[in-house]
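# A structural walkthrough
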Amino acid sequence: MTRDPFDWIDARAEARRRAGLVRTLRPRPAESELLDLASNDYLGLARHPEVTDAAARAAVRWGAGSTGSRLVTGTTELHAELEAELAAFCGFEAALVFATGYAANLAAVTALTPPGSLIVSDAANHASLIDGCRLARAETVVVPHREPEGFRKALDGYAGCALAITDSVFSVDGDAAPLPQLAAVCAESGAALLVDDAHGLGVLGDGGRGTVAAAGLSGAPGVVCTVTLSKSLGSQGGAVLGPARVIEHLVNSARTFIFDTGLAPAAAAGALAALRLLRGEPGRAARARAVAREVHRRLTSAGLDSAAPDACVLSVRAPGPDAAVRWAADCRSAGVAVGCFRPPSVPDGISRLRLSARADMTVSDISKACEVIIRTAPDGSR
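Residues numbered from 1 in each chain as written. Predicted model: local features only at pLDDT ≥ 70, side-chain atom pairs only at ≥ 80, totals over all residues. Heavy atoms only, no water.

On to the pairing of strand 7 (residues 223-228). Every regular strand shows the same layout, with side chains that alternate between the two sheet faces. Within strand 7, 6 of the 6 residues are buried, leaving the element largely enclosed by the surrounding structure. Here strand 6 (residues 192-196) runs beside strand 7; their pairing, made up of 4 bridges, is parallel. Bridged to valine 195 within strand 7 is cysteine 225. Relative to strand 8 (residues 238-242), strand 7 runs antiparallel, the two being bridged by 4 bridges. Within strand 8, the residue paired with valine 227 across the bridge is alanine 239. (Buried < 20%, exposed > 50% of the residue type's maximum accessible area, 1.4 Å probe, protein only. Helix = DSSP H or I, 4+ residues; strand = E, 2+ residues; numbered from the N terminus. Pairing = 2+ DSSP bridges.)

The next point concerns empty space enclosed by the protein. A probe matching the size of a water molecule, rolled over the atoms, marks out where space remains unfilled. According to the stated counting rule, one finds 1 cavity of 30 Å³ or more in the structure shown. Its boundaries defined by the atoms lining it, the largest cavity holds a volume of some 40 Å³. In terms of lining, the largest cavity is formed by Cys90, Phe92, Asp197, Leu201, Arg209, Gly210, Val212, Ala213, Ser218, Cys225 and Val227. Of all the secondary structure elements, the ones that give two or more residues to the lining of the largest cavity are helix 8 (211-214) and strand 7. (1 Å grid on protein atoms, 1.4 Å probe; cavity = no way out; pocket = protein on both sides within 12 Å on 5 of 7 lines; lining within 4 Å. Points joined across faces, edges and corners; volume = space filled by probe spheres on them.)

Let us look at the sheet that holds strand 3 (residues 117-122). Pairing is mixed in the open sheet, where 7 strands are placed in the order 2-8-7-6-5-3-4. Looking along the sheet, the strands with just one partner apiece sit at the ends: strand 2 (94-98) and strand 4 (138-143). Direction aside, the axes of adjacent strands within the sheet are offset by 20° on average. In this structure, strand 5 (residues 162-167) lies alongside strand 6, joined through 5 bridges in parallel fashion. Paired with aspartate 167 across the bridge in strand 6 is aspartate 196. The sheet contacts of helix 5 (residues 127-135) involve strand 3, strand 4, strand 5 and strand 6, and relative to strand 5 the element is tilted by about 160°. Sitting on the sheet, helix 7 (residues 179-189) is in contact with strand 5 and strand 6, with an inclination near 155° to strand 6. (Axes fitted to C-alpha atoms, helices over the stretch in contact; angles between N-to-C directions. Contact = heavy atoms within 4.5 Å.)

Structure representation (C-alpha coordinates):
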(Lines give C-alpha, C1' and ligand atoms only; values in the text may rest on other atoms or scores of the structure.)
Protein backbone atom coordinates (compact mmCIF):
# COMPACT_ATOMS: atom_id res chain seq x y z
CA MET A 1 0.00 0.00 0.00
CA THR A 2 1.30 3.46 -0.90
CA ARG A 3 2.01 5.57 2.15
CA ASP A 4 0.28 8.96 2.27
CA PRO A 5 3.14 11.49 2.58
CA PHE A 6 0.98 13.91 4.60
CA ASP A 7 -0.39 11.56 7.25
CA TRP A 8 1.84 13.26 9.80
CA ILE A 9 -0.23 16.44 9.41
CA ASP A 10 -3.26 14.72 10.94
CA ALA A 11 -1.31 13.90 14.08
CA ARG A 12 -0.14 17.51 14.37
CA ALA A 13 -3.70 18.76 13.89
CA GLU A 14 -5.00 16.48 16.62
CA ALA A 15 -2.26 17.65 18.99
CA ARG A 16 -3.22 21.27 18.34
CA ARG A 17 -6.88 20.47 18.95
CA ARG A 18 -6.15 18.80 22.28
CA ALA A 19 -4.01 21.75 23.37
CA GLY A 20 -6.64 24.30 22.40
CA LEU A 21 -4.32 25.88 19.82
CA VAL A 22 -6.30 25.51 16.58
CA ARG A 23 -6.26 28.69 14.49
CA THR A 24 -8.83 29.56 11.85
CA LEU A 25 -9.16 32.31 9.27
CA ARG A 26 -12.06 34.73 9.72
CA PRO A 27 -12.53 37.00 6.70
CA ARG A 28 -13.64 40.42 7.87
CA PRO A 29 -16.29 42.44 6.05
CA ALA A 30 -15.51 45.78 4.44
CA GLU A 31 -17.73 47.47 7.01
CA SER A 32 -18.16 46.30 10.60
CA GLU A 33 -19.89 47.56 13.71
CA LEU A 34 -17.24 45.94 15.90
CA LEU A 35 -15.06 48.27 17.97
CA ASP A 36 -11.58 47.37 16.73
CA LEU A 37 -8.89 46.70 19.33
CA ALA A 38 -7.36 43.87 17.31
CA SER A 39 -5.65 45.61 14.40
CA ASN A 40 -2.40 47.59 14.37
CA ASP A 41 -4.00 50.73 12.94
CA TYR A 42 -2.63 52.78 15.84
CA LEU A 43 -3.30 56.23 14.35
CA GLY A 44 -6.58 55.37 12.65
CA LEU A 45 -5.15 56.17 9.21
CA ALA A 46 -5.99 53.00 7.28
CA ARG A 47 -9.36 54.45 6.23
CA HIS A 48 -8.44 58.12 6.30
CA PRO A 49 -9.80 59.72 3.08
CA GLU A 50 -6.45 61.24 2.14
CA VAL A 51 -4.73 57.87 2.52
CA THR A 52 -7.31 55.83 0.61
CA ASP A 53 -7.62 58.48 -2.11
CA ALA A 54 -3.86 58.50 -2.61
CA ALA A 55 -3.82 54.69 -2.86
CA ALA A 56 -6.71 54.68 -5.34
CA ARG A 57 -5.13 57.33 -7.56
CA ALA A 58 -1.83 55.44 -7.56
CA ALA A 59 -3.56 52.20 -8.58
CA VAL A 60 -5.21 53.95 -11.53
CA ARG A 61 -1.99 55.67 -12.60
CA TRP A 62 0.60 52.95 -11.96
CA GLY A 63 -1.49 49.77 -12.09
CA ALA A 64 -2.56 47.24 -9.49
CA GLY A 65 0.95 45.84 -8.99
CA SER A 66 4.54 46.96 -9.29
CA THR A 67 5.06 44.43 -12.15
CA GLY A 68 8.48 43.18 -11.04
CA SER A 69 11.33 43.30 -8.58
CA ARG A 70 12.59 46.70 -7.46
CA LEU A 71 15.73 46.32 -9.60
CA VAL A 72 13.77 45.58 -12.78
CA THR A 73 10.40 47.34 -13.13
CA GLY A 74 9.19 47.44 -9.53
CA THR A 75 10.50 50.87 -8.55
CA THR A 76 8.30 53.90 -9.21
CA GLU A 77 8.60 57.57 -8.37
CA LEU A 78 6.35 56.84 -5.38
CA HIS A 79 8.88 54.40 -3.92
CA ALA A 80 11.67 56.97 -4.23
CA GLU A 81 9.54 59.72 -2.64
CA LEU A 82 8.50 57.45 0.21
CA GLU A 83 12.09 56.39 0.92
CA ALA A 84 13.36 59.97 0.93
CA GLU A 85 10.59 61.31 3.18
CA LEU A 86 10.68 58.33 5.55
CA ALA A 87 14.45 58.65 6.03
CA ALA A 88 14.19 62.40 6.61
CA PHE A 89 11.28 62.03 9.06
CA CYS A 90 13.06 59.39 11.14
CA GLY A 91 16.47 61.08 10.96
CA PHE A 92 18.45 58.60 8.84
CA GLU A 93 20.59 59.08 5.75
CA ALA A 94 18.64 56.68 3.57
CA ALA A 95 15.81 54.17 3.45
CA LEU A 96 14.85 51.16 1.35
CA VAL A 97 11.24 50.00 0.97
CA PHE A 98 10.29 46.30 0.87
CA ALA A 99 7.07 44.47 0.07
CA THR A 100 6.54 43.58 3.75
CA GLY A 101 8.02 44.35 7.13
CA TYR A 102 8.88 40.65 7.42
CA ALA A 103 10.96 40.86 4.24
CA ALA A 104 12.68 44.02 5.52
CA ASN A 105 13.78 42.24 8.70
CA LEU A 106 14.98 39.15 6.84
CA ALA A 107 16.99 41.42 4.55
CA ALA A 108 18.58 43.46 7.32
CA VAL A 109 19.60 40.46 9.43
CA THR A 110 20.96 38.28 6.63
CA ALA A 111 22.67 41.00 4.59
CA LEU A 112 24.39 42.61 7.58
CA THR A 113 25.96 39.40 8.91
CA PRO A 114 28.69 38.09 6.61
CA PRO A 115 29.96 34.53 7.21
CA GLY A 116 31.65 34.23 10.59
CA SER A 117 29.55 36.96 12.19
CA LEU A 118 28.00 36.90 15.65
CA ILE A 119 24.33 37.77 16.18
CA VAL A 120 23.05 38.59 19.65
CA SER A 121 19.25 38.54 19.81
CA ASP A 122 16.70 39.37 22.52
CA ALA A 123 14.69 36.30 23.54
CA ALA A 124 11.37 38.06 22.86
CA ASN A 125 12.16 39.34 19.36
CA HIS A 126 9.60 39.09 16.59
CA ALA A 127 9.41 35.94 14.47
CA SER A 128 10.78 37.78 11.43
CA LEU A 129 13.97 38.62 13.32
CA ILE A 130 14.21 35.05 14.60
CA ASP A 131 13.83 33.70 11.09
CA GLY A 132 16.47 36.15 9.89
CA CYS A 133 18.86 34.72 12.47
CA ARG A 134 18.09 31.19 11.26
CA LEU A 135 18.79 32.14 7.65
CA ALA A 136 21.97 34.10 8.38
CA ARG A 137 25.33 32.39 8.07
CA ALA A 138 26.31 33.47 11.56
CA GLU A 139 26.45 32.21 15.11
CA THR A 140 23.38 33.36 17.05
CA VAL A 141 23.29 33.87 20.81
CA VAL A 142 19.86 34.47 22.35
CA VAL A 143 19.99 36.54 25.54
CA PRO A 144 17.38 37.21 28.27
CA HIS A 145 14.63 39.69 27.47
CA ARG A 146 15.53 43.38 27.89
CA GLU A 147 18.85 42.69 29.64
CA PRO A 148 21.74 44.79 28.30
CA GLU A 149 24.16 42.82 30.45
CA GLY A 150 23.28 39.71 28.47
CA PHE A 151 24.26 41.50 25.27
CA ARG A 152 27.46 42.69 26.92
CA LYS A 153 28.49 39.19 27.99
CA ALA A 154 27.75 37.73 24.56
CA LEU A 155 29.75 40.43 22.77
CA ASP A 156 32.64 40.55 25.25
CA GLY A 157 35.92 39.74 23.57
CA TYR A 158 34.43 39.07 20.14
CA ALA A 159 36.65 40.61 17.45
CA GLY A 160 34.66 39.85 14.28
CA CYS A 161 31.54 41.39 12.76
CA ALA A 162 28.73 41.46 15.30
CA LEU A 163 25.08 42.50 15.16
CA ALA A 164 22.83 43.06 18.19
CA ILE A 165 19.13 42.73 17.40
CA THR A 166 16.08 43.90 19.32
CA ASP A 167 12.51 44.98 18.88
CA SER A 168 11.96 48.56 20.05
CA VAL A 169 8.49 47.80 21.41
CA PHE A 170 7.78 44.11 21.85
CA SER A 171 4.62 42.92 20.16
CA VAL A 172 3.24 40.71 22.93
CA ASP A 173 3.31 42.83 26.11
CA GLY A 174 4.11 46.21 24.55
CA ASP A 175 7.20 46.79 26.70
CA ALA A 176 10.09 48.84 25.28
CA ALA A 177 13.71 47.84 24.85
CA PRO A 178 16.40 49.74 26.79
CA LEU A 179 17.86 51.25 23.62
CA PRO A 180 20.32 53.75 25.15
CA GLN A 181 21.93 51.01 27.22
CA LEU A 182 22.02 48.59 24.29
CA ALA A 183 23.58 51.26 22.07
CA ALA A 184 26.25 51.87 24.69
CA VAL A 185 27.06 48.16 24.87
CA CYS A 186 27.33 47.99 21.07
CA ALA A 187 29.56 51.07 20.94
CA GLU A 188 31.92 49.55 23.51
CA SER A 189 32.21 46.27 21.58
CA GLY A 190 32.16 47.63 18.04
CA ALA A 191 28.93 45.84 17.22
CA ALA A 192 26.15 47.19 15.02
CA LEU A 193 22.66 47.61 16.48
CA LEU A 194 19.54 46.62 14.51
CA VAL A 195 16.26 47.89 15.95
CA ASP A 196 12.86 46.75 14.69
CA ASP A 197 10.69 49.83 15.30
CA ALA A 198 7.48 48.36 13.91
CA HIS A 199 5.45 49.32 16.98
CA GLY A 200 7.29 52.58 17.70
CA LEU A 201 7.01 54.49 14.43
CA GLY A 202 4.07 56.87 14.59
CA VAL A 203 3.61 56.37 18.33
CA LEU A 204 6.84 57.20 20.17
CA GLY A 205 9.38 59.98 19.73
CA ASP A 206 8.82 63.60 18.77
CA GLY A 207 5.70 63.65 16.60
CA GLY A 208 5.83 59.89 16.17
CA ARG A 209 9.35 59.71 14.73
CA GLY A 210 9.89 56.43 16.52
CA THR A 211 11.71 54.83 19.40
CA VAL A 212 15.14 55.16 17.84
CA ALA A 213 14.65 58.91 17.46
CA ALA A 214 13.36 59.14 21.03
CA ALA A 215 16.56 57.48 22.23
CA GLY A 216 18.70 59.98 20.30
CA LEU A 217 20.10 57.26 18.04
CA SER A 218 18.74 58.34 14.64
CA GLY A 219 21.54 58.64 12.14
CA ALA A 220 24.14 57.04 14.39
CA PRO A 221 26.73 55.28 12.17
CA GLY A 222 26.31 51.88 13.82
CA VAL A 223 22.51 51.87 14.05
CA VAL A 224 20.05 50.43 11.53
CA CYS A 225 16.29 50.58 11.96
CA THR A 226 13.49 48.60 10.35
CA VAL A 227 9.85 49.74 10.27
CA THR A 228 6.54 48.55 8.90
CA LEU A 229 4.18 50.64 6.83
CA SER A 230 1.25 48.47 7.94
CA LYS A 231 0.74 49.71 11.47
CA SER A 232 0.78 53.43 12.27
CA LEU A 233 0.86 54.32 8.57
CA GLY A 234 -2.17 52.15 7.85
CA SER A 235 -0.82 50.73 4.58
CA GLN A 236 1.40 47.74 3.79
CA GLY A 237 5.10 47.07 3.37
CA GLY A 238 8.29 47.66 5.32
CA ALA A 239 11.53 49.59 5.16
CA VAL A 240 15.11 49.56 6.37
CA LEU A 241 16.64 52.87 7.45
CA GLY A 242 20.30 53.55 8.11
CA PRO A 243 23.56 54.91 6.74
CA ALA A 244 23.60 55.35 2.96
CA ARG A 245 26.32 52.71 2.51
CA VAL A 246 24.20 50.18 4.41
CA ILE A 247 21.21 50.84 2.17
CA GLU A 248 23.37 50.56 -0.96
CA HIS A 249 24.68 47.25 0.36
CA LEU A 250 21.12 45.96 0.81
CA VAL A 251 20.20 46.95 -2.75
CA ASN A 252 23.05 44.78 -3.97
CA SER A 253 22.88 41.85 -1.57
CA ALA A 254 19.51 41.49 0.22
CA ARG A 255 17.73 38.52 -1.34
CA THR A 256 14.25 39.61 -0.21
CA PHE A 257 14.85 42.87 -2.07
CA ILE A 258 16.54 41.55 -5.20
CA PHE A 259 14.24 38.57 -5.84
CA ASP A 260 10.88 39.79 -4.51
CA THR A 261 8.25 41.78 -6.39
CA GLY A 262 8.26 45.40 -5.28
CA LEU A 263 5.66 46.96 -3.02
CA ALA A 264 2.46 47.79 -4.95
CA PRO A 265 2.28 51.46 -5.96
CA ALA A 266 -1.05 51.86 -4.17
CA ALA A 267 0.50 50.74 -0.88
CA ALA A 268 3.48 53.05 -1.37
CA ALA A 269 1.19 56.00 -2.10
CA GLY A 270 -1.02 55.21 0.89
CA ALA A 271 1.96 55.03 3.22
CA LEU A 272 3.35 58.29 1.83
CA ALA A 273 0.04 60.07 2.38
CA ALA A 274 -0.16 58.70 5.93
CA LEU A 275 3.40 59.83 6.65
CA ARG A 276 2.56 63.34 5.49
CA LEU A 277 -0.56 63.37 7.66
CA LEU A 278 1.49 62.29 10.66
CA ARG A 279 4.04 64.99 9.97
CA GLY A 280 1.27 67.60 9.78
CA GLU A 281 -0.66 66.28 12.80
CA PRO A 282 1.98 65.25 15.35
CA GLY A 283 -0.62 65.15 18.13
CA ARG A 284 -1.89 61.81 16.85
CA ALA A 285 1.07 60.02 18.45
CA ALA A 286 0.45 61.52 21.89
CA ARG A 287 -3.27 60.76 21.65
CA ALA A 288 -2.60 57.10 20.86
CA ARG A 289 -0.33 56.77 23.89
CA ALA A 290 -2.92 58.48 26.12
CA VAL A 291 -5.60 56.03 25.01
CA ALA A 292 -3.31 53.09 25.81
CA ARG A 293 -2.61 54.43 29.30
CA GLU A 294 -6.30 54.98 30.02
CA VAL A 295 -7.30 51.50 28.86
CA HIS A 296 -4.55 50.02 31.03
CA ARG A 297 -5.66 52.08 34.04
CA ARG A 298 -9.25 50.91 33.78
CA LEU A 299 -8.42 47.26 33.25
CA THR A 300 -5.93 47.04 36.10
CA SER A 301 -8.28 48.96 38.40
CA ALA A 302 -10.74 46.13 37.82
CA GLY A 303 -8.10 43.60 38.91
CA LEU A 304 -7.00 42.30 35.51
CA ASP A 305 -3.34 41.47 34.97
CA SER A 306 -1.99 43.83 32.32
CA ALA A 307 1.56 45.14 31.88
CA ALA A 308 1.90 48.93 31.64
CA PRO A 309 2.16 49.86 27.94
CA ASP A 310 5.18 51.75 26.63
CA ALA A 311 3.41 52.42 23.32
CA CYS A 312 0.01 51.25 21.99
CA VAL A 313 0.23 47.49 22.60
CA LEU A 314 -1.49 46.11 25.69
CA SER A 315 -1.86 42.54 26.84
CA VAL A 316 -4.23 41.07 29.42
CA ARG A 317 -3.29 37.67 30.79
CA ALA A 318 -5.75 34.79 30.53
CA PRO A 319 -5.82 31.60 32.65
CA GLY A 320 -5.02 29.42 29.62
CA PRO A 321 -5.39 29.05 25.85
CA ASP A 322 -8.99 27.79 25.91
CA ALA A 323 -10.02 30.57 28.28
CA ALA A 324 -8.30 33.15 26.07
CA VAL A 325 -10.17 31.92 22.99
CA ARG A 326 -13.52 31.99 24.82
CA TRP A 327 -12.76 35.44 26.23
CA ALA A 328 -11.96 36.83 22.80
CA ALA A 329 -15.11 35.25 21.36
CA ASP A 330 -17.25 36.70 24.17
CA CYS A 331 -15.76 40.14 23.53
CA ARG A 332 -16.57 39.83 19.83
CA SER A 333 -20.14 38.79 20.60
CA ALA A 334 -20.44 41.93 22.74
CA GLY A 335 -19.18 44.15 19.91
CA VAL A 336 -15.44 44.43 20.64
CA ALA A 337 -12.75 42.79 18.49
CA VAL A 338 -9.59 41.86 20.41
CA GLY A 339 -6.53 39.81 19.56
CA CYS A 340 -5.88 36.43 21.15
CA PHE A 341 -2.25 35.36 21.59
CA ARG A 342 -1.49 31.75 22.55
CA PRO A 343 1.53 29.47 22.26
CA PRO A 344 3.54 29.26 20.08
CA SER A 345 2.94 32.95 19.29
CA VAL A 346 4.01 33.94 22.80
CA PRO A 347 7.54 32.99 23.86
CA ASP A 348 6.68 32.58 27.55
CA GLY A 349 3.76 30.21 26.97
CA ILE A 350 1.24 32.55 28.65
CA SER A 351 -2.02 33.11 26.77
CA ARG A 352 -3.32 36.67 26.51
CA LEU A 353 -5.77 39.03 25.01
CA ARG A 354 -3.74 41.41 22.89
CA LEU A 355 -5.20 44.91 22.57
CA SER A 356 -4.22 47.81 20.34
CA ALA A 357 -5.02 51.37 21.40
CA ARG A 358 -5.87 53.78 18.60
CA ALA A 359 -5.60 57.54 18.38
CA ASP A 360 -9.13 57.82 16.94
CA MET A 361 -10.84 56.06 19.85
CA THR A 362 -13.33 58.29 21.65
CA VAL A 363 -14.04 58.36 25.38
CA SER A 364 -17.16 56.33 24.62
CA ASP A 365 -15.10 53.76 22.71
CA ILE A 366 -12.69 53.40 25.62
CA SER A 367 -15.54 52.95 28.09
CA LYS A 368 -17.27 50.33 25.94
CA ALA A 369 -14.08 48.37 25.30
CA CYS A 370 -13.08 48.25 28.94
CA GLU A 371 -16.59 47.41 30.15
CA VAL A 372 -16.84 44.47 27.75
CA ILE A 373 -13.37 43.09 28.51
CA ILE A 374 -13.92 43.35 32.27
CA ARG A 375 -17.46 41.88 32.15
CA THR A 376 -16.49 38.88 30.04
CA ALA A 377 -13.26 38.09 31.91
CA PRO A 378 -13.08 34.37 32.75
CA ASP A 379 -12.54 32.98 36.21
CA GLY A 380 -8.87 33.04 37.13
CA SER A 381 -8.03 36.16 35.15
CA ARG A 382 -8.11 38.38 38.24
